[in-house]
Amino acid sequence: MRTKIVPVPKLSFTLAPFLVLASGLLFAAPNAAVARQSAPSAHVSSDQDATAFVNALLGKMTLEEKIGQMSQVALNTKLDEPADEMARKGQVGSFLFITDAAEINRLQHVAVDQSRLHIPLIFGFDVIHGFRTIYPVPLAMAASWDPAVVEHAQSMAAKEASATGIQWTFAPMVDIARDPRWGRIMEGAGEDPFLGSRIAEAQVRGFQGESLGAPGHIMACVKHFAGYGAVSGGRDYEESNISDEQLWNVYFPPFQAAINAGAGSLMSAYMDLNGVPATGNRFLLHDVLRDDWKFQGLVVSDWNSVESLTTHGFASDEEDAAARAVNAGVDMEMTSSTFQHKLAAAVHQGVVTQATLDAAVRQILLTKYRLGLFRNPYVDPAKTASQLVTQEQRDAARQTATHTAVLLRNEGNLLPLSKQYKSIALIGSLAESKADIMGSWSLAGHPSDSVTVLEGLKKRFSSDTQIAYTKGVEIEREQTSIFDEQFTSPKPTLKTDAERDAEFHHAIDLVRQSDVAVLVLGELQSMSGEQASRLSLDLPGKQEELLEAAVATGKPVVLVLLNARPLNLTWASQHVAAILEAWYPGTEGGDAIADLLSGDANPGGKLPVAWPRSVGQIPINYARNLTQVPETADARYWDGPSTPLYPFGYGLSYSSFSMTNLRLASPSVHAGSKLEVSVDVQNTSSRDGDEVVQLYTHQRAGSASRPVRELKGFRRVSLKAGEKQTITLALNTNGLGFWSPQTHRWSIEPGQFDLWVGHDETASDHASFAVLP
Ligand code: NOJ
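Residues numbered from 1 in each chain as written. Predicted model: local features only at pLDDT ≥ 70, side-chain atom pairs only at ≥ 80, totals over all residues. Heavy atoms only, no water.

**Description of the pairing of strand E19 (residues 674-683)**
And step 1. For E19, a buried count of seven out of ten residues is recorded, marking the element as mostly surrounded by other parts of the structure.
And step 2. Looking at chain direction, strand E17 (residues 657-664) and E19 are connected through six bridges and run antiparallel. Each residue of the ladder has a partner; that of Phe657, found in E19, is Asn683.
And step 3. Across nine bridges, E19 lies against strand E22 (residues 724-732) in antiparallel orientation. Bridge pairing in E22 places Val681 opposite Gln725. (Buried < 20%, exposed > 50% of the residue type's maximum accessible area, 1.4 Å probe, protein only. Helix = DSSP H or I, 4+ residues; strand = E, 2+ residues; numbered from the N terminus. Pairing = 2+ DSSP bridges.)

Right, dumping it as C-alpha cells:
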C-alpha cells in the first residue's frame with residue numbers, strides 16, 4: 001500500500017502540506033534485520049546524565065548522520081529518497097505534517113529499529129488552536145484575558161495531538177501585531193506586549209505541561225523570531241523595519257516570556273529584520289537568544305526559510321545559505337534541503353566549524369532526550385480514535401468559545417434575546433458553514449465535527465421560537481493564495497446577478513417577517529492566516545449592504561461576527577443594536593454562540609487590539625508616546641477622528657460593573673519590589689458575569705519618552721449578581737523597566753508614575769506613585 005499525499009502546490013511554502021496519510025506503508029520497508037549498534041541507555045534523568053548520554057551518542061555519529069538530525073522533512077515536498085530510506089539511513093531528524101498515528105509509529109520504528117544509531121524521530125505539526133477539536137483562534141484566546149482558560153485549551157489540544165503521536169507543535173505564535181491588514185494577526189495575541197506575554201506563557205504551559213516530556217503533552221515552539229508582525233503594509237512576508245526601542249520593548253517581551261516559561265523550541269521568521277533576514281540573523285538567534293536570554297532549547301527555521309536566504313539577496317547560493325543559517329544559530333532546517341545537500345561541504349571547508357555543527361546536533365538530541373523519545377517514542381494507534389473529539393474536548397471548546405467572545409454593542413439590552421421573540425431570521429452564509437467557523441490553521445479539524453450557528457441556534461431556540469434561515473449573500477474570494485486549495489468553505493451557489501438579487505431580497509423579506517434578525521457576517525476561513533492579508537477591512541462582498549438593508553426594515557438586528565481581525569464597523573457601531581464578536585470560535589462555535597445569544601453564557605471577553613475606524617488609521621495601538629500637542633490627540637486627521645472605534649481592552653457584558661476606591665499600598669516603591677494596587681469591583685446588575693480589571697501605567701519622565709499608557713496588570717473576575725470584591729493586583733516594578741534608546745540598556749528608571757485602573761485603556765480612576773532607587 002502507498003500513502004496518499006495531497007498534491008504539492010507549486011510554491012514551496014508551508015501548510016499545504018496537509019497530508020492525509022492513509023494507514024499502511026509509505027514505502028515498503030525491507031524486513032531485513034539491520035545491524036544494531038548499541039546506543040547508550042536512556043534510562044537516566046538528570047541534565048548531567050542527559051548531556052553525557054548525548055555526548056556519547058554524538059561521538060558515534062558520522063557527519064551525514066549529524067546533518068540528518070538537522071533536517072526536517074515534509075513528505076509532500078520533493079525528496080531525494082523515499083522517506084523510509086531517509087529514516088533508515090539517519091538522513092532525517094524530524095518529519096512534519098503527518099497526522100496518522102499508525103504512520104507515525106511505523107516511521108518511528110524504521111528510525112529506531114533499522115537506523116544505525118537508533119535515534120528516534122520527532123514528529124511536528126501546527127497545532128495552533130486545537131488539533132481535531134478546534135478551539136477559538138489565538139487572537140480570540142487572547143480576548144479572553146484569562147491565561148488559565150488559554151492554558152487549559154492548549155493542554156486539551158496537546159492531549160489530542162499527542163494521542164496521535166505528534167510530539168511538537170509550531171505554536172504559540174507570539175508576534176505582536178498592530179496591523180489588522182496582516183492576515184496572521186489571527187494567530188497571535190494582538191498588539192500588547194504585556195497581554196501577549198501572559199498569553200504566551202499560558203500557551204507554553206498548556207502545550208508542554210509540567211515539563212518537556214510530560215505525558216499527554218507536546219513541545220511548544222515559540223515563533224517567529226522576530227518582528228514578523230511588523231511587516232510593511234501588512235503584506236505577508238515583507239520586510240520589517242523596527243527600531244531597537246520597539247524591538248526590545250514591544251516585539252521581544254512575549255518571546256522572552258515564553259522562553260522563561262520553558263518553551264522547548266523556537267522558530268526563526270521569514271522576513272528581513274532591519275535588513276538582515278531573520279533566519280540568518282546572528283544578532284537575533286545568538287546574541288539575544290543564547291547570550292542574553294540563555295535559551296536552552298532547539299531553533300528550527302521556518303518553512304524553506306534557509307534556502308530563501310538566497311532569494312533575499314543575502315546568501316550567494318545554497319551552501320552559503322546553509323552556512324549562514326547554522327552560523328547564525330539555526331539548529332534544524334524545515335523542509336528546504338540546503339543542509340542535506342550543502343552543509344557537509346561548508347563543514348569540510350571550515351566555513352561551519354565542527355564545534356558549531358555539534359552544538360546544533362547536541363541541541364536536537366538533548367531535546368529528543370528531554371521529550372523522553374529515547375525511552376518511549378511510540379504512540380498506540382489503537383487508542384487514538386477514542387481520544388479525538390470526545391465530549392470532554394467539546395465541552396472545553398464550547399466553554400473557551402463563550403469565554404473569548406467580545407460584546408461590542410448592546411443598545412437597549414437587545415441581548416440576550418428575550419423569550420418574547422417568537423421568530424428569528426438567521427441570515428448569512430457563514431451561519432451554515434462548518435469549515436469557516438473553524439478559522440484558519442485548523443488543518444486536522446474535520447468540518448463535519450463542527451456545530452454551525454444554524455445548528456446551535458436551532459438546538460437552543462427552536463422549541464419555542466421559529467428560526468428561518470437564508471444566506472442573503474455569499475462571500476466569494478478570488479483565489480490568491482496557494483492555501484485556498486486547502487480550505488473547504490462551501491463554494492458559492494448563486495451564479496447569476498438575478499439569483500443573487502433574489503436571494504438578497506428574500507433575506508430582507510425574512511427579516512421583515514420575523515421578530516428579530518441575527519446576521520452572521522465576517523470573513524471566510526481563508527481570508528485570514530498566512531498569505532491572507534487584506535487591503536480593505538470592509539466586510540467582504542455585499543455583506544455591508546445586506547446589514548444596512550436589514551437594519552432599514554426597523555426590526556431589531558444582532559450582528560454576530562465570524563472573523564479574526566478588526567473589520568470596518570463604523571456604520572454598524574452606530575446603527576446595529578447588538579454586535580457580538582465571536583471570532584472564529586471553532587468546532588463548538590454554533591453551540592457557544594447560542595449560549596451567548598440566549599444568555600446561558602454572558603460575554604466577558606475584551607479586545608486584545610484597538611479597533612480602527614478606518615484602514616487609514618493603522619497603526620492605532622493605544623501604547624503610543626505623547627507628543628507636542630496632546631490635547632488635540634483626537635484631531636490629527638483632517639477628515640476624521642484619530643481615536644479608535646473601540647479602545648484596547650474594550651468589551652461589554654450583559655451585567656454592569658463598577659470599580660471604585662482605587663488605592664495603593666504605598667505612595668512609593670523601591671525598584672525591584674511590588675506595589676499592591678486594590679480596587680473594589682462590584683457587579684451592579686442582577687446577572688452573574690465577568691469583568692476584567694485592567695491596570696495601566698505611565699512614566700512621567702526618564703531617559704526616553706514612554707507610552708502614554710501601558711498595560712501592566714489585569715485579572716478577569718467572575719462576580720455573582722450584586723457581588724462586590726476587592727481585587728488586589730501586585731504591580732511588579734520589574735515590569736516598569738524598559739530598554740532605553742539613550743542608554744542602550746534595560747533598566748528601571750526611578751521616577752514618578754501615573755496609574756489607572758478600569759475597564760479598558762481609557763480607564764479614568766487615577767493614582768500616582770514614585771519608584772525609588
Ligand atoms: C510556515 C509558517 O510561517 C509557520 O508558522 C508554520 O509553522 C510552518 N510554515 C509549518 O507549517
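Moving on from the model shown.
**Quick notes on the packing of helix H6 (residues 147-163) against helix H16 (residues 391-404)**
And step 1. One way to put it is that H6 packs onto H16 with a least axis distance of 10 Å and a crossing angle of 150 degrees. What the angle tells us is that H6 and H16 run roughly antiparallel. In the packing of H6 onto H16, the handedness of the crossing is left-handed. Along the contact surface, H6 presents Val149, His152, Ala153, Met156, Lys159 and Glu160, while H16 presents Glu392, Gln393, Ala396, Thr400 and His403. (Axes fitted to C-alpha atoms, helices over the stretch in contact; angles between N-to-C directions. Parallel < 35°, antiparallel > 145°, perpendicular 65-115°, else oblique. Left-handed = near helix turned anticlockwise from the far one by under 90°. Contact = heavy atoms within 4.5 Å.)

**Describing the sheet that holds strand E15 (residues 557-562)**
And step 1. Spatial ordering of the open sheet is given by E11-E16-E15-E14-E12-E13, a layout of six strands whose pairing is mixed. On the outer flanks of this sheet lie strand E11 (406-410) and strand E13 (466-470), each paired with one strand and no other. Each strand axis lies, on average, 15 degrees off the axis of its neighbour in the sheet, ignoring direction.
And step 2. Of the strands in this sheet, strand E12 (423-427), E13 and strand E14 (516-522) are in contact with helix H17 (residues 453-461), which crosses E13 at around 170 degrees.
And step 3. Sheet contacts for helix H21 (residues 589-598): E14, E15 and strand E16 (578-581); angle to E15, the most-contacted strand, approximately 150 degrees.

**Some remarks on helix H8 (residues 244-251)**
Three or four residues apart is the spacing at which side chains of an α-helix point the same way, because the helix has 3.6 residues per turn.
And step 1. Within the sequence span of H8, burial applies to Glu245, Leu247, Asn249, Val250 and Tyr251.
And step 2. Next to the buried residues of H8 lie helix H7 (193-208), helix H9 (253-260), strand E7 (272-273), helix H10 (282-292) and strand E23 (738-740).

**Points about the packing of H16 against H21**
And step 1. Where H16 contacts H21, the two axes come as close as 8 Å, and the packing angle between them is 50 degrees. With respect to H21, the axis of H16 lies oblique. Between H16 and H21 lies a crossing of right-handed hand. Seen from H16, the contacting residues are Arg398, Ala401 and Thr402; seen from H21, they are Asp591, Ala592, Asp595 and Leu596.

**Remarks on the sheet that holds strand E25 (residues 751-758)**
And step 1. Taken together, the five strands give an open sheet; going across it, the order is E18-E26-E25-E20-E21, and neighbouring strands pair in mixed fashion. The outermost strands of the open sheet, each flanked by one partner alone, are strand E18 (668-670) and strand E21 (710-719). Neighbour to neighbour, the strand axes of the sheet diverge by 25 degrees on average, direction disregarded.
And step 2. For strand E20 (residues 689-699) and E25, the ladder comprises six bridges, and the chain directions are antiparallel. When the bridges of E25 are listed, Gln694 appears paired with Gly758.

**Notes on the domain arrangement of the protein chain**
And step 1. Splitting the protein chain by domain gives domain 1 (32-379), domain 2 (406-603) and domain 3 (657-772).
And step 2. Computed from C-alpha coordinates alone, the two centres of domain 1 and domain 2 are separated by 37 Å.
And step 3. Across the contact, 28 residues belong to domain 1 and 29 residues belong to domain 2.
And step 4. Contact between domain 1 and domain 2 buries roughly 2,200 Å² in total, counting both sides, with carbon and sulfur atoms accounting for 61%.
And step 5. Along the contact surface separating domain 1 from domain 2 lie two salt bridges.
And step 6. Measuring nitrogen to oxygen at the nearest pair gives 2.6 Å for the salt bridge that ties Asp449 to Arg132.
And step 7. In this structure, the connection of domain 1 to domain 2 is made through 18 residue pairs in polar contact (both at pLDDT 80 or more).
And step 8. For the side of domain 1 that touches domain 2, the leading source of residues is helix H5 (residues 138-143), giving three residues. (Domains from an automatic or database assignment. Buried area = accessible area lost by both parts, 1.4 Å probe. Salt bridge = Lys/Arg side-chain N within 4 Å of Asp/Glu carboxyl O. Polar contact = N/O pair within 3.5 Å; in protein donor to acceptor, adjacent residues only side chain to side chain.)

**A few points about the pattern of salt bridges**
And step 1. A full pass over the atoms with the stated rule returns 42 salt bridges.
And step 2. A salt bridge links Glu65 to Arg116, with the nearest nitrogen and oxygen atoms 2.7 Å apart. Taken together, the residues span a long stretch of sequence, with Glu65 in helix H2 (residues 63-69) and Arg116 in the loop between helix H4 (101-114) and strand E3 (122-125) at a distance of 51 residues.
And step 3. On the accessibility criterion, Glu65 (9% relative accessible area) is buried.
And step 4. The partner of Asp591 in a salt bridge is Lys459, with the nearest N and O atoms 2.9 Å apart. Here Asp591 is found in helix H21, whereas its partner Lys459 is found in helix H17, with 132 residues between them in sequence.

**Describing the nonpolar core**
And step 1. Counting residues in each nonpolar core, the largest one holds 157 residues, and the members touching the most others are Phe95, Phe225, Leu266, Phe339, Leu343 and Leu569.
And step 2. Lining this core are residues from two domains, each supplying at least three of them: domain 1 (32-379) and domain 2 (406-603).
And step 3. What Phe95 contacts, discounting residues up to four positions off in sequence, is Val73, Leu75, Ala83, Leu107, Leu121, Ile122, Phe123 and Gly124.
And step 4. Formed by 36 residues, the second largest nonpolar core is a distinct cluster that contains Ala405, Leu414, Ile467 and Ile593. (Core = buried A, V, L, I, M, F, W, Y, C linked by side-chain atoms within 4.5 Å.)

**Comments concerning the packing of aromatic side chains**
For any pair of aromatic rings, geometry is given as the distance between the ring centres together with the angle between the planes.
And step 1. A full pass over the atoms with the stated rule returns 25 aromatic pairs.
And step 2. Centroid distance Phe97 to Trp303: 5.7 Å. Interplanar angle 50 degrees. Geometry classified as tilted. One end of the pair, Phe97, is in the loop between strand E2 (94-96) and H4; the other, Trp303, is in the loop between strand E9 (298-300) and helix H11 (308-311), with 206 residues separating them in the sequence.
And step 3. Here Phe97 falls in the buried class, since its relative accessible area comes to 0%. (Phe/Tyr/Trp six-rings, centres within 6.5 Å; stacked < 30°, edge-to-face > 60°.)

**Focus: the environment of Gly280**
And step 1. On the secondary structure map, Gly280 appears in the loop between strand E8 (276-277) and H10.
And step 2. Judged by relative accessible area, Gly280 falls into the buried class, the value being 10%.
And step 3. Those residues within four positions of Gly280 in sequence are excluded, and the remaining contacts are Leu309, Phe314, Arg324 and Ala328.

**Brief notes about the side chain of Ser336**
And step 1. Inspection of the secondary structure puts Ser336 in the loop between strand E10 (333-334) and helix H13 (338-348).
And step 2. Look at Ser336 and you get buried, because its relative accessible area is 5%.
And step 3. With residues up to four places along the chain from it excluded, the contact list for Ser336 reads Asn304, Ser305, Val306 and Glu307.

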